[in-house]
Amino acid sequence: MILYDPCVTVNYRDYGIMLPIPADRGKRVIEFLTADGKRCPVLDFEQALVKLKNIDYLLCKNDLVRVHSKKYISQLCGEELKTALLNAFELIDADGNPRRYEPDRAVKPLIDLFQTLTAQASGTYLACLLALSANGFCYYLGGGMHHARYDAPSGFCVINDIAAAAFRLLVEKQVSLVWIIDMDAHKGDGTAEIVHFAREREELQKPLKNSGADLQNKPSVLTLSIHMANGWPLDSENLALAETGRAPLLPSDIDIGIGEGEESAYVSRLEESIRRLESLSGKTPDFVFVVDGADPYEHDELFSTRLLRLTLEQCLERDLLVYKYLKDRGIPSAWIQSGGYGSRAWEPHAHFLKAIYV
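Residues numbered from 1 in each chain as written. Predicted model: local features only at pLDDT ≥ 70, side-chain atom pairs only at ≥ 80, totals over all residues. Heavy atoms only, no water.

Visitor: Looking at this model, I keep getting lost on the sheet that holds strand S5 (residues 220-228). Mind explaining?
Guide: Pairing between the strands of a sheet is mediated by backbone hydrogen bonds and can be parallel or antiparallel. Strand order in the open sheet formed by eight strands is S2-S1-S3-S8-S7-S4-S5-S6, and the pairing between neighbours is parallel. For this open sheet the edge positions go to strand S2 (42-43) and strand S6 (254-258), each flanked by a neighbour on one side alone. As paired elements, strand S1 (residues 2-3) and strand S3 (residues 137-140) share two bridges and run parallel to each other. The partner of Ile 2 across the bridge, within S3, is Tyr 139. (Pairing = 2+ DSSP bridges. Helix = DSSP H or I, 4+ residues; strand = E, 2+ residues; numbered from the N terminus.)

This is how it looks when you write it as structure tokens:
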């Protein structure tokens, strides 16, 4: 199942944001898959709701407070929203000057962007419901805001849709053990921080290494991130400003840093890390989020992804490895689009979905 709704697609230039985030990424994927009259199982939000008999899928304030601080969510719901958006998209430099931001060219108020981002976040949870109710697989052409931290925006991310959807699944007791496999070029630091803090609050079970034992009847989320070893947010400038005990210094349960020029080892190291995640879990997960970033692709146009350059074939091999692993074990999964920048950002997703559908 593919979930795609153009109504929650963001054209950042409408808000004066001049980042190379393509507004037509999902559309290009669907056009590629349906070329020459081919068919693929695509639903928009309305069609998905009909399929799910109008189940409640909207993430509410309580869902966001479950993963973010109450103070931060109050800021997003109040007068500090514009500041949070400026910080999230790095639109103001250290001297207070606009950076990649041209408000005079905006046709929509910047604060209106938040409503669409929250709708996208709800789409992530909707993808989970589709995966659990259908054939165990849903690919969502949206979402993936994995840098949003416990109490702050970061890395073009304002709210962490992955954590919010995962925690809601756990609270509603639809699942008890969740894996998050993050394959974005940038470390999933916000998700790692949110999970770490939830464990400290004793809301989530800490992993039991190599025990194979039951996780003490508490829900659990385990995180794996494979990313650039030295790129943002792990670059020297960002690390110099990092706070102890906060992202990006907090580790995922398994972090795989890929150094510049190590692309040929990417897939084998990913495969090994999934085996390590198996060992750390002690049992098969009930659900898996796959953060399927296209920004490791060699044609990505964001400067901060330049240290990881996978070919299209390597991107496809990566995705098929994870897909086959989950399918062979009958583990339901929601795949989230995540990072990808420039005119060719749609290609890795499109070729993966073609391989399994067309």
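Visitor: Sorry if this is basic, but what is going on with the packing of aromatic side chains here?
Guide: For any pair of aromatic rings, geometry is given as the distance between the ring centres together with the angle between the planes. Taken as a whole, this structure holds 17 aromatic pairs when the rule is applied. A centroid spacing of 5.8 Å and a plane angle of 75° characterise the contact between Phe 45 and Tyr 57, whose relative ring orientation is edge-to-face. Here Phe 45, found in helix H2 (residues 45-51), pairs with Tyr 57, found in the loop between H2 and helix H3 (61-65); they are twelve residues apart in sequence, far enough to count as distant. Here Phe 287 and Phe 289 contribute two aromatic rings whose centre-to-centre distance is 5.3 Å and whose plane-to-plane angle is 70°, an arrangement assigned as edge-to-face. In terms of burial, Phe 287 and Phe 289 fall into one category: buried. (Phe/Tyr/Trp six-rings, centres within 6.5 Å; stacked < 30°, edge-to-face > 60°. Buried < 20%, exposed > 50% of the residue type's maximum accessible area, 1.4 Å probe, protein only.)

Visitor: Looking at this structure, how should I read the side chain of Gln 120?
Guide: Mapping Gln 120 onto the fold places it in helix H6 (residues 113-133). The class of Gln 120 is buried, set by a relative accessible area of 13%. When sequence neighbours within four positions are dropped, the list of residues in contact with Gln 120 reads Val 8, Thr 9, Val 10, Tyr 140, Gly 142, Gly 143 and Met 145. (Contact = heavy atoms within 4.5 Å.)

Visitor: What's the story with the pairing of S6 in this structure? I'm lost.
Guide: Working note: regular strand, side chains alternate between the two faces of the sheet. Side chains of S6 alternate between two faces, with Ile 254, Ile 256 and Ile 258 buried and Asp 255 and Gly 257 left unburied. Across five bridges, S5 lies against S6 in parallel orientation. Considered in S6, the bridge of Leu 224 is made with Ile 254. On the question of chirality, the crossover connecting S5 to the parallel S6 by way of helix H9 (residues 236-241) is right-handed. (Right-handed = clockwise from strand over helix to strand, strands pointing away.)

Visitor: It is not clear to me how helix H5 (residues 81-88) should be interpreted in this structure. Could you clarify?
Guide: Residues lying three or four places apart along an α-helix face the same way, a consequence of the helix completing one turn every 3.6 residues. Among the residues of H5, those classed as buried are Leu 81, Ala 84, Leu 85, Leu 86 and Ala 88. Buried residues along H5 sit against helix H4 (70-76) and H6.

Visitor: Just checking my understanding: could you explain the environment of Ala 229 for this structure?
Guide: Positionally, Ala 229 belongs in the loop between S5 and H9. As for Ala 229 and Gly 257, which are separated by 28 residues in sequence, their C-alpha atoms are 3.9 Å apart. Not counting residues up to four positions away in its chain, the partners in contact with Ala 229 are Leu 234, Gly 257, Ile 258 and Gly 259.

Visitor: I keep staring at the environment of Val 322 and nothing clicks. Help me out?
Guide: You can see Val 322 is positioned in helix H11 (residues 312-328). Note on Val 322: relative accessible area 0%, which makes it buried. With 52 residues separating them along the chain, Val 322 and Leu 270 place their C-alpha atoms 8.8 Å apart. Beyond its immediate sequence surroundings of up to four residues, Val 322 is in contact with Ile 181, Met 183, Leu 270, Ile 274, Val 290 and Trp 335.

Visitor: Help me understand the packing of H6 against helix H7 (residues 161-171), please; the structure alone is not making it clear to me.
Guide: For any two helices packed against each other, the geometry is given by the interaxial angle and the distance between the axes. Contact geometry of H6 with H7 gives a least axis separation of 8 Å together with a crossing angle of 45°. Classified by the angle their axes make, H6 and H7 are oblique. Judged by the twist between their axes, the crossing of H6 over H7 is right-handed. Contacts from Ala 121, Thr 124, Tyr 125, Cys 128 and Leu 132 in H6 reach Asp 161, Ile 162, Ala 165, Arg 168 and Leu 169 in H7. When grouped by side-chain class, the residues that make up the contact of H6 with H7 number seven nonpolar, one polar and two charged. (Axes fitted to C-alpha atoms, helices over the stretch in contact; angles between N-to-C directions. Parallel < 35°, antiparallel > 145°, perpendicular 65-115°, else oblique. Left-handed = near helix turned anticlockwise from the far one by under 90°. Nonpolar A, V, L, I, M, F, W, Y, C, P; charged D, E, K, R; others polar.)

Visitor: Please explain the nonpolar core as it appears in this structure.
Guide: General note: in soluble globular proteins, nonpolar side chains tend to be found buried as a group. Of all hydrophobic cores here, the largest spans 72 residues; its most connected members are Ile 17, Phe 89, Leu 113, Val 158 and Phe 289. The greatest single-element share of this core, amounting to eleven residues, is contributed by H6. With sequence-adjacent residues up to four places away left out, Phe 289 is seen in contact with Thr 124, Cys 128, Ile 162, Ala 165, Ala 166, Leu 169, Val 178, Trp 179, Ile 180, Ile 181, Ala 334 and Ile 336. In terms of nonpolar packing, the next biggest core, distinct from the first, is built from 46 residues, Ile 30, Ile 181, Val 288 and Trp 346 among them. (Core = buried A, V, L, I, M, F, W, Y, C linked by side-chain atoms within 4.5 Å.)

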